[in-house]
Amino acid sequence: MEGPFPEGKAVSPGGDLPSREEFLRLGRQYNVLPVCRPFLGDALTPVSLLKLVATGDHFLLESVAGGERVARYSFVGLGFSRFFSSRGRQCRWQVSPREPVVSREGDAVLLLQAFLGSFRTPSLPGYPFLMAQAAGWFSGGHAQGEPGEILAVLPDELVVFDHSLGVVWLVEMVYLQGGASREEEWEGARERLARWPLSLTSVLPSAVTLFEAGRGSAPGPEPLEAAEAAEAAVEQGWRALEAGELFYVNVSGGWEIVEDFSPLDAYRVLRVLYPAPNLYSFSYGGRALVGASEESFLRIQGRRAYLPLVAGERRRRGPEEDALLADELREDASAEATHALLLDGARSDFSRVVAGPPRLPRNGEVETCAQMLYLVSELEGDLGPGQGPFSALEALLPAGTVSGWPRERARKLLSSWEKGERGNFGGVVFCHDFRGQLASCVVNRVLSREIGKKWQGRCALGLKAGRPWEEVRTRFRGRMAEWRRVAAWARQLAGQGPGPQAPGSQTTGPQGS
């Protein structure tokens, strides 16, 4: 499965890019120029880099190609002096650290597109395919009528890992917004690149050793019962399906984690335990978001848009049985019917943002990930008149696979059934560059936290008409047990406790049933 960060052309280490002459020439036409210094970095990883240099806000975005290996590019962003954020119609942004923060009420998507549209950057041969010049999230709160949240941060410094070649790009983002001359901006960027620590190629063997030592001691699942409210929500979902009010719905459940740990340590554990095709870690403004997702979502290249659909799965059992499981998944009439039903819903949604009927270049293909086999299709089309990357993204949220179809009716019903806030669940994490390219994934397996509060998690309950409540509850318990392992190992990595079996280590969720 292709993750959100597509493959690009080969690059090679060399001198700083662009050259001084090219920088001065491009600076007359564009107001954002990346000054890059590629070097051989096959001994460096995104995690070890962050351990060495990250002292504040950052993001880390990775994909796993086929779930078997990290895809070609990973992105680390540092220093966010430019940002856009919104809650409902209340928007705030800053286009330059030399200018005040602007607050305005209005259509958040239109204001976001205008904000990002004010930055212009060239397409240059030999550069990484996607520069991640902006990254952030759209929350999934729309499903319950909660004010939707949008965040987009623009890194001052970007590190791009080309895993195919073992090349690491150090990138200084130069914003030509007045003040210094283009000559001074060029020299300043090169001086900042020179200040990067010479020890970047060092690794952290002690942390890796500690992690490996803890792998065998993770506790088994400790089931936690779902609340009566969750059972009632599931029951209402079944009734809506049986009455034909909805043809698909996915109720969610949440929990709280008592342990404290860093987002980066949680990410380090997550990427090994659950190497989903999409992995992300955000820390910004006192908020943290860490997750893994098998669902790639809207991807835009130029005016061409792609919408993958992942529905239907089998857990892998080893090379000898995987081929049989793949055949079983293809021939599973129930899985095929559900996939076709969800594909119809996705096609209906996608047709609202593209010109003409959506094309279906991939239909019901079985793709192999590290732990799972998935049934995958993909829609394709050209964005319609007046559509931009973020207006298209907003029109497709919340993701139907973790809410329901028809989406508008599912939103209203879920708002009345579910008692807890969905927050980011059902939204997306995205990556964008100033040439208009966008990639995203669904937030469906996630931990989040605000300053002074505990970590919270949320997952889909996998609702199907007629599925016994005990089966749904077992799924919920299993997901909480997964995150309990993540939390325990993250604490071990941070040296905050003796490890997964520390006294008092617990995950709390809805009680009673």
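So, how was this worked out
- Residues numbered from 1 in each chain as written.
- Predicted model: local features only at pLDDT ≥ 70, side-chain atom pairs only at ≥ 80, totals over all residues.
- Heavy atoms only, no water.
- Helix = DSSP H or I, 4+ residues; strand = E, 2+ residues; numbered from the N terminus.
- Contact = heavy atoms within 4.5 Å.
- Expected span 1.5 Å × (residues − 1).
- Buried < 20%, exposed > 50% of the residue type's maximum accessible area, 1.4 Å probe, protein only.
- Arc of directions from axis to C-beta.
- Salt bridge = Lys/Arg side-chain N within 4 Å of Asp/Glu carboxyl O.
- Phe/Tyr/Trp six-rings, centres within 6.5 Å; stacked < 30°, edge-to-face > 60°.
- Lys NZ or Arg CZ within 6 Å of the ring centre and 35° of its normal.
- Core = buried A, V, L, I, M, F, W, Y, C linked by side-chain atoms within 4.5 Å.
- pLDDT = per-residue confidence, 0-100.
- Polar contact = N/O pair within 3.5 Å; in protein donor to acceptor, adjacent residues only side chain to side chain.
- Axes fitted to C-alpha atoms, helices over the stretch in contact; angles between N-to-C directions.
- Parallel < 35°, antiparallel > 145°, perpendicular 65-115°, else oblique.
- Left-handed = near helix turned anticlockwise from the far one by under 90°.
- Nonpolar A, V, L, I, M, F, W, Y, C, P; charged D, E, K, R; others polar.
- Pairing = 2+ DSSP bridges.

### What to know about the overall build of the protein
Thinking step 1. Along the protein, the regular secondary structure elements total twelve helices and 25 strands.
Thinking step 2. Taking as baseline every contact in the protein between residues at least 6 positions apart, the subset at least 24 positions apart corresponds to 73%.

### Here's the deal with the environment of F282
Thinking step 1. Tracing the backbone through its elements, the reader meets F282 in strand β14 (residues 278–284).
Thinking step 2. Those residues within four positions of F282 in sequence are excluded, and the remaining contacts are H58, F59, L61, A135, G136, W137, V153, R287, A288, L289 and V429.

### A look at helix α6 (residues 228–242)
Thinking step 1. Over its 15 residues, α6 extends 21 Å from the first C-alpha to the last, a length consistent with the 21 Å expected when each residue adds 1.5 Å.
Thinking step 2. Of the positions making up α6, those classed as buried are A230, A233, V234, G237, W238, A240 and L241. When α6 is viewed along its axis, its buried side chains cluster within an angular range of 165° and face the same direction. Projecting away from the buried face of α6 at angles above 90 degrees are the exposed residues E228, R239 and E242.
Thinking step 3. Directly after α6, the chain includes G244, whose backbone phi takes a positive value near 80°.

### Examining the pattern of salt bridges
Thinking step 1. Tallied over the entire structure, the rule returns 29 salt bridges.
Thinking step 2. Between E21 and R20 there is a salt bridge whose closest N-O contact spans 3.8 Å.
Thinking step 3. For D382, the salt bridge identified is with R304, shortest N-O distance 2.5 Å. In this pair, D382 sits in strand β19 (residues 372–383) while R304 sits in strand β17 (residues 304–315), placing the two residues 78 residues apart along the sequence.
Thinking step 4. According to the relative accessible area criterion, R304 is partly exposed, its value standing at 29%.
Thinking step 5. Beyond isolated ion pairs, a larger network of salt bridges with shared partners links R304, R359, E380 and D382.

### Some thoughts on the packing of aromatic side chains
Thinking step 1. One pass over the full model with this rule turns up 17 aromatic pairs.
Thinking step 2. When the ring of Y248 is compared with that of W405, the centres are 6.3 Å apart and the planes differ by 45°; the resulting orientation is tilted. Highlighted residues: Y248 in strand β12 (residues 248–249) and W405 in strand β20 (residues 404–405), separated in sequence by 157 residues. The same class applies to Y248 as to W405, namely buried.
Thinking step 3. Through a chain of ring-to-ring contacts, the aromatic side chains of F59, F80, F83, W137, F282 and Y284 assemble into a single cluster.
Thinking step 4. Across the ring face of Y175, the terminal group of R82 is positioned such that the distance to the ring centre comes to 3.7 Å.
Thinking step 5. In this arrangement the basic side chain of R299 is found over the ring face of Y306, its NZ or CZ atom lying 4.4 Å from the centre.

### A short note on unusual backbone geometry
Thinking step 1. Cis peptide bonds are those with omega within 30 degrees of zero, and the linkage from L397 to P398 qualifies with -5°.
Thinking step 2. Tracing the backbone shows P398 in the loop between α10 (389–395) and β20.

### Focus: the nonpolar core
Thinking step 1. Core analysis: the biggest nonpolar cluster contains 141 residues, and F138, F297 and L298 have the highest contact counts within it.
Thinking step 2. The element contributing the most residues to this core is helix α12 (residues 469–494), with eleven residues.
Thinking step 3. The residues touching F138, leaving out its near neighbours within four places in the chain, are V109, L112, E149, I150, F390, L393, E394, L397, G427, V428 and F430.
Thinking step 4. Membership of the second largest hydrophobic core comes to seven residues, among which are L325, L329, L373 and L375.

### Concerning the confidence of the model for the protein
When pLDDT drops low, the exact placement of atoms in the prediction is not to be read closely.
Thinking step 1. Here the protein averages 78 in pLDDT, and 80% of its residues register 70 or above.
Thinking step 2. Within the protein, the lowest mean pLDDT, 30, falls on helix α5 (residues 205–214), and the highest, 96, falls on strand β7 (residues 102–105).
Thinking step 3. This model gives residues 201–226 a pLDDT under 50, and the stretch forms 53 contacts once residues within four places in sequence are excluded.

### Notes on the side chain of S81
Thinking step 1. Tracing the backbone shows S81 in the loop between β4 (73–78) and β5 (82–87).
Thinking step 2. With relative accessibility at 18%, the residue S81 sits in the buried group.
Thinking step 3. Within the local environment of S81, its side chain forms a polar contact with the side chain of D156, the two groups lying 2.7 Å apart.

### Here we look at the environment of S296
Thinking step 1. Within the fold, S296 resides in the loop between β15 (287–293) and β16 (299–301).
Thinking step 2. For the pair S296 and C441, spaced 145 residues apart in sequence, the C-alpha to C-alpha distance is 4.2 Å.
Thinking step 3. Among the polar contacts made by the side chain of S296, one reaches the side chain of N278 at a distance of 3.2 Å.

### Brief notes about the packing of helix α2 (residues 46–53) against helix α7 (residues 263–273)
In a pair of packed helices, the angle between the axes and the distance between the axes together describe the arrangement.
Thinking step 1. Where α2 contacts α7, the two axes come as close as 11 Å, and the packing angle between them is 170°. By the angle between their directions, the pair α2 and α7 is classed as roughly antiparallel. Considering how the two elements wind past one another, α2 and α7 form a crossing that is left-handed. Two secondary-structure elements touch here, α2 through V47, L50 and K51 and α7 through L264, D265, Y267, R268 and R271.
Thinking step 2. Partitioning the contact of α2 with α7 into residue classes produces four nonpolar, no polar and four charged.

### Here we look at the pairing of strand β6 (residues 90–94)
Thinking step 1. Relative to β6, β5 is paired through five bridges, and the arrangement is antiparallel. Residue pairing in the sheet places S85 in a bridge with R92 of β6.
Thinking step 2. In the sheet, β6 pairs with β7 via four bridges, with the strands oriented antiparallel. Bridge pairing links W93 to V102 in β7.

### Remarks on the pairing of β4
Thinking step 1. With six of six residues buried, β4 is to be regarded as a mostly interior element.
Thinking step 2. Residue alternation in β4 divides its side chains into two sets, Y73, F75 and G77 and S74, V76 and L78, and both sets are buried.
Thinking step 3. One ladder, built from six bridges, connects β4 with strand β10 (residues 157–162); its direction is antiparallel. Across the sheet, F75 pairs through a bridge with V160, a residue of β10.

### Section: the environment of S293
Thinking step 1. Within the secondary structure layout, S293 lies in strand β15.
Thinking step 2. Spatially, the C-alpha atoms of S293 and Y274 are 9.1 Å apart, while their sequence positions differ by 19 residues.
Thinking step 3. Setting aside chain neighbours within four positions, we find S293 in contact with A276, P277, N278, C441, V442 and N444.
Thinking step 4. Within the structure, the side chain of S293 is placed 3.4 Å from the side chain of N444, a separation counted as a polar contact.

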